[in-house]
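Next come the chains, spelled out residue by residue.
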Amino acid sequence: QPQRYSQTLWNVPAHPNGIPHQLHRPSPGKQFGPFQQTRNHMTRQDGDNCAMNIPGRNGRTSCVTYESVNVAFNSAKQRMNLAGPKGRTMTDIDVDHLGQLLVETSRSLAREYNLNADAIHNALPLIDTQRTVIDGFCPAYLKRPKCTIKRYREYNGMCNNLDHPHWGATLSSYRRLLPADYADGISEPRISATGKELPTARYVSAINHRDYGFHDHAVTVYLPAWGQLIDHDMTLGAESKEPETDAEPKCCDKSPEQRHPACWPIEIPHDDPFYSNFGRRCMEFVRSATGLSENCKLGPRNTMNIITSTLDANFIYGSSKETADKLRRFQGGLLKSNSANHHLGLKDLLPPKLESPDAGCVRPNKDSYCFLAGDSRANQQVMLIALHTIMMREHNRIAVELGYINPHWNDERIYQETRHIMAAIVQHITYNEFLPMVLGKDIMNRYGLLLSKQGMGSFYDPTVDPTIPVSFFAAAYRFGHSLIPSTIERWSVTHQYVGARRLSEMLLNPFDMYGPGTCDQYLAGFMNQVSQAVDDSVTEELTNHLFQEGQNRWGADLASLNMQRGRDHGVPSYNAYRRYCGLSPARHWDDLAGVFTNDTLRRYITTYDTPDDIDLWTAGISERPSPGSMVGPVFGCIMGESFRNLRYGDRFWYENGGWPSSFKQAQLQEIRKVKLSRIVCDNSDNIESAQVYVMVLPDPKVNPRVPCRSSILPRINLEHWRDAGEPSYNNVRPSG
Ligand code: HEM
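Because the structure is predicted, anything quoted here is derived from the model rather than measured.

**Points about the overall build of the chain**
Move 1: Along its length, the chain carries 21 helices and 14 strands.
Move 2: For the chain, the C-alpha radius of gyration of 26 Å lies close to 27 Å, the compact-globule estimate for 736 residues.
Move 3: Principal-axis analysis of the C-alpha atoms places the extent of the chain at approximately 80 × 65 × 55 Å.
Move 4: Looking at the chain residue by residue over its 736 residues, the buried ones come to 61%.
Move 5: Considering only contacts within the chain whose residues lie at least 6 apart along the sequence, 72% involve residues at least 24 apart.
Move 6: For the chain, the computed accessible surface area is about 29,400 Å², with 51% contributed by carbon and sulfur atoms.
Move 7: In the chain, the 79 positive side-chain charges and the 80 negative ones have mean positions that sit 4 Å from each other.

Written out as structure tokens, the structure reads:
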């Protein structure tokens, strides 16, 4: 359905049946509300030089000329003096620089033509930048590439959608479900609806996200562990960097004048219950890099996803051919690994990260190396690195078997087919085991997320954009931060408790993994340790001790970072999403009775000036859960819609039939058998039993713990990939 573009920021219609529809990007040459694109139109004032008509008072229109766009861009370029691309390919820093120029260009035009937020959001993007000097700077990757249909995905996600090749691709901007809420309509962080500043993110966190340590009654640590792993398949916000060092700027130790322009440190109140003990008044925070939209359109600031949006297992392989190649052995379709513990009869670990060894972990000495995987965050903590390890092992296990079954396949063919199967497994486990627990049956049903048990589907809808929404990346999918326990337990392979370590000690410290048997102890621990509930309580390990350094007794606060990140990205308030999700927005505090617990509501009343100010993340994790779900209605809606688009907007979706990428019926049935428990059984060293669904605590009746050799945990039968030389395979050139 077309959107009404005359809507204001505060008047977004909900879908009649309660399910919001996608905000379609405007296609060129159409009329949207009062703003008229003038590609082929002569206008009264400026003839062919008029890029956009803006309605003014008394029915008179004024014209934004192409010339004024050129002047605004050139003067921003001169004023900002940002470095241009060094090589032929655009890096995220290059995109950021051009993005900043476009933001400044939009700001100048908004000032010159006195544009309001509605016009900035709706009118500026309609200007045909291809007719301006901007076109000469707009990188080729944002222009339309020639797509061909192949069996395997491109690493960078390009050409998944043949009509919109950039949808879901790397370095594209996050999608918006609602117009950005920036104080100036362009890029400045949100302020209160009262016109005052919002309370600082740390103040909100300290009052509302204390550590009460409530456990979930059913889910194990495998649930947040898998949740984070697949987050790293879908989103990675681009950081602003110092061009000289490629490092994230430091802000707190500099005076405001000396700070990097992206610095936006979080103010800590003087009476903070924790940081005041250490005299801390400032928490590091750097605004994300600026993104670009197709053809480098003008408008409010965009922000970009460095990795592909679709669930394609890029955390194993990377989102570029360059990264993928670094991880490959180029032999037998295998990934590189480290066989240091082979002599003990133990399976391979991930290879050591020899390039930029200090990025992403804190090394105890120069001889220790953290691990190399497809995602740069793999070493962040032990849950993540353990799952990365078993997914690498699963790739190699499947590759060896495929090579055995098809001795005539070369390295490339084995590698690409294994990568294709791994992406299917990630999709299947996510929709079969993870989402039903997180969202519950009703939401799964409402958004069309329930999997078919048999047959091929034709789920693909080329009008659906799988690009991750800002509100998912910067708020809703961070629901997982509430689930994290304070310690991570190790259990023996026979399910006896062994010990536990504080989470903060394990951050950026994956080196435990080198200890013989330790990986197994964690993998067994995750299925025995219960996770925290999704609620307003967040462990102090994350709210006071995140990435604590050296001898310090304090670290950063992830809850504050989440809210600051939401404001950084122009995420509107919780109330705006209530409206978007078909719920009534709160006009008075009383309207929120029952939405949150009374305690939570009381705390919000002391924290915020009005219900219109509440940050999306804090409210989303604090909502009372919907029946059968771990999350409440607003997070359920944002996640439901996002996961719907990831299923229906992915041409390579594993259940789809009729494409060269489609699995055969029998192969699909094999993929449908895979469970995370099977992957743990096959890729741990000595674990001999697991409950059928490892994200849920064992229960003799509904989730029994069974031996790994039991037929209740069937293994994917790769015999169905025996290749008698089907033409549909042989015609396909390997991608990349
Ligand atoms: C111990 C576990 C975890 C730690 C230490 C952690 C830490 C972090 C940190 C430091 C950030 C960046 C914050 C910022 O500056 O904006 C982040 C982002 C994020 N986290 Fe977590 N996280 C954990 C678990 C999870 C889980 C379980 C989920 C979801 C189920 C999750 C979802 C996200 C998402 C969606 C982002 C945004 C990522 C991006 O695209 O850049 N995290 N997390």
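**A word on the coordination of the iron atom of the ligand**
Move 1: Just one protein atom donates to the iron atom of the ligand; it is His481 (NE2), sitting 2.1 Å from the metal.
Move 2: Relative to the helices and strands, His481 is located in the loop between α10 (470-474) and β10 (487-491).

**Considerations on the site of the ligand**
Move 1: The full set close to the ligand counts 25 residues, and Asp231, Thr235, Arg478, His481 and Arg565 are the nearest of them.
Move 2: Arg565 places a polar side-chain atom, nitrogen or oxygen, 2.8 Å from an oxygen atom of the ligand.
Move 3: Put simply, the parts of the chain that give the shell around the ligand at least two residues each are α5 (222-234) and α14 (558-568).
Move 4: Here the element with the most residues in the shell around the ligand is α5; it accounts for four residues.
Move 5: For the shell around the ligand, the residue count by class is 13 nonpolar, eight polar and four charged.

**What about helix α12 (residues 518-528)?**
Given 3.6 residues per helical turn, the α-helix brings residues three or four places apart onto the same face.
Move 1: With ten of eleven residues buried, α12 lies mostly within the body of the structure.
Move 2: Regarding α12, the residues found buried are Thr518, Cys519, Asp520, Tyr522, Leu523, Ala524, Gly525, Phe526, Met527 and Asn528.

**Considerations on the confidence of the model for the chain**
Move 1: Confidence in the prediction for the chain averages 90 pLDDT; 91% of positions are at 70 or higher.
Move 2: This stretch, residues 1-47, has a pLDDT under 50; its non-local contacts, to residues over four places away or in other chains, come to 110 contacts.
Move 3: Every residue in residues 727-736 scores below 50 in pLDDT, and together they form 22 contacts with partners more than four places removed in sequence or on other chains.

**Some words on the nonpolar core**
Move 1: In terms of nonpolar packing, the biggest core is built from 150 residues, with Trp226, Phe479, Met639 and Phe643 touching the most fellow members.
Move 2: Among the elements that line this core, the one with the most residues is helix α9 (residues 411-446), at 16 residues.
Move 3: Excluding anything up to four places from it in sequence, Trp226 contacts Leu387, Met391, Val426, Ile429, Thr430, Phe434, Leu676 and Met695.
Move 4: Ranked by size, the runner-up nonpolar core spans 40 residues in total, among them Val95, Ala119, Ala169 and Leu171.

**Section: the state of the cysteines**
Move 1: In the structure shown here, the tally under the stated rule is eight disulfides.
Move 2: A disulfide bridge connects Cys251 with Cys263, and the sulfur atoms are separated by 2.1 Å. Measuring the twist about the S-S bond at about -90°, one finds the Cys251-Cys263 disulfide to be left-handed. With a gap of twelve residues between them, Cys251 in the loop between α5 and β7 (266-267) and Cys263 in the loop between α5 and β7 connect regions that are remote in the sequence. Each member of the pair, Cys251 together with Cys263, is buried.
Move 3: Of all cysteine sulfurs in the structure, the one in Cys681 sits closest to Cys519, which takes part in no disulfide; the separation is 14 Å.
Move 4: Judged by its relative accessible area of 4%, Cys519 is buried.

**Details of the packing of aromatic side chains**
What describes a pair of aromatic rings is the distance from one ring centre to the other and the angle between the planes of the rings.
Move 1: Counting across every chain of the model gives 24 aromatic pairs.
Move 2: Aromatic pair Tyr477 and Phe643: ring centres 6.0 Å apart, planes at 65°, arrangement edge-to-face. Taken together, the residues Tyr477 in the loop between α10 and β10 and Phe643 in helix α18 (residues 633-648) connect sequence positions 166 residues apart. The exposure classification of Tyr477 matches that of Phe643, with both residues buried.
Move 3: One aromatic cluster in this structure is built from Tyr431, Phe472, Tyr477, Phe479, Phe643, Trp653 and Tyr654.
Move 4: Just above the ring of Trp264 sits the side chain of Arg287; from NZ or CZ to the centre is 5.9 Å.
Move 5: Above the face of the Phe459 ring, Arg647 is positioned so that its terminal group lies 4.1 Å from the ring centre.

**Some points on the pattern of salt bridges**
Move 1: The tally for this structure, following the rule as stated, stands at 38 salt bridges.
Move 2: Between Glu417 and Arg151 there is a salt bridge; the shortest N-O distance is 2.8 Å. With Glu417 in helix α9 and Arg151 in the loop between α3 (117-122) and β5 (172-173), the pair connects residues that are 266 residues apart, well separated along the chain. The pair formed by Glu417 and Arg151 is uniform in burial state, with each residue classed as buried.

**Observations concerning helix α20 (residues 676-683)**
Move 1: With respect to burial, α20 is a largely interior element, eight of its eight residues being buried.
Move 2: All of the buried residues in α20 are Leu676, Ser677, Arg678, Ile679, Val680, Cys681, Asp682 and Asn683.
Move 3: Here the buried face of α20 lies against α5, α8 (382-405), α9, α12 and β13 (689-691).

**Quick look at the packing of α8 against α9**
Move 1: The geometry of α8 relative to α9 is characterised by a closest axis approach of 9 Å and an angle of 130° between their N-to-C directions. When the axis of α8 is compared with that of α9, the two are oblique. Read as a crossing pair, α8 and α9 show a hand that is right-handed. Residues Met391, Glu394, His395, Ile398, Ala399, Leu402 and Gly403 of α8 lie in contact with α9, whose contacting residues are Ile414, Tyr415, Glu417, Thr418, Arg419, Ile421, Met422, Ile425 and Val426.
Move 2: Among the residues forming the contact of α8 with α9, the class breakdown is ten nonpolar, three polar and three charged.

**Overview of empty space enclosed by the protein**
Move 1: Evaluated as defined, the whole model comprises eight cavities of 30 Å³ or more.
Move 2: Approximately 80 Å³ is the volume found for the largest cavity.
Move 3: Forming the boundary of the largest cavity are Phe315, Ile316, Leu327, Leu335, Lys336, Leu350, Pro351, Leu372, Ala373, Gly374, His388 and Met392.
Move 4: Within the residue set of the lining of the largest cavity, elements represented by two or more residues are α6 (314-317) and α8.
Move 5: Tallied by class, residues from the lining of the largest cavity come to nine nonpolar, two polar and one charged.

**Examining the side chain of Glu417**
Move 1: For Glu417, a relative accessible area of 0% puts it in the buried group.
Move 2: Side-chain polar atoms of Glu417 contact the side chain of Tyr152, separated by 2.5 Å.

Here is what the cut-offs are and how they apply
- Residues numbered from 1 in each chain as written.
- Predicted model: local features only at pLDDT ≥ 70, side-chain atom pairs only at ≥ 80, totals over all residues.
- Heavy atoms only, no water.
- Helix = DSSP H or I, 4+ residues; strand = E, 2+ residues; numbered from the N terminus.
- Rg over C-alpha atoms; globule rule 2.2 N^0.38 Å.
- Buried < 20%, exposed > 50% of the residue type's maximum accessible area, 1.4 Å probe, protein only.
- Contact = heavy atoms within 4.5 Å.
- Areas by Shrake-Rupley, 256 points an atom, 1.4 Å probe, with all protein chains shown as cover.
- Lys, Arg positive; Asp, Glu negative; His and termini not counted.
- Charge placed at Lys NZ, Arg CZ, Asp CG, Glu CD.
- Donors = N, O, S within 2.8 Å, 3.2 Å for Na, K, Ca; no water.
- Near = heavy atom within 4 Å.
- Polar contact = N/O pair within 3.5 Å; in protein donor to acceptor, adjacent residues only side chain to side chain.
- Nonpolar A, V, L, I, M, F, W, Y, C, P; charged D, E, K, R; others polar.
- pLDDT = per-residue confidence, 0-100.
- Core = buried A, V, L, I, M, F, W, Y, C linked by side-chain atoms within 4.5 Å.
- Disulfide = S-S within 2.5 Å.
- Phe/Tyr/Trp six-rings, centres within 6.5 Å; stacked < 30°, edge-to-face > 60°.
- Lys NZ or Arg CZ within 6 Å of the ring centre and 35° of its normal.
- Salt bridge = Lys/Arg side-chain N within 4 Å of Asp/Glu carboxyl O.
- Axes fitted to C-alpha atoms, helices over the stretch in contact; angles between N-to-C directions.
- Parallel < 35°, antiparallel > 145°, perpendicular 65-115°, else oblique.
- Left-handed = near helix turned anticlockwise from the far one by under 90°.
- 1 Å grid on protein atoms, 1.4 Å probe; cavity = no way out; pocket = protein on both sides within 12 Å on 5 of 7 lines; lining within 4 Å.
- Points joined across faces, edges and corners; volume = space filled by probe spheres on them.

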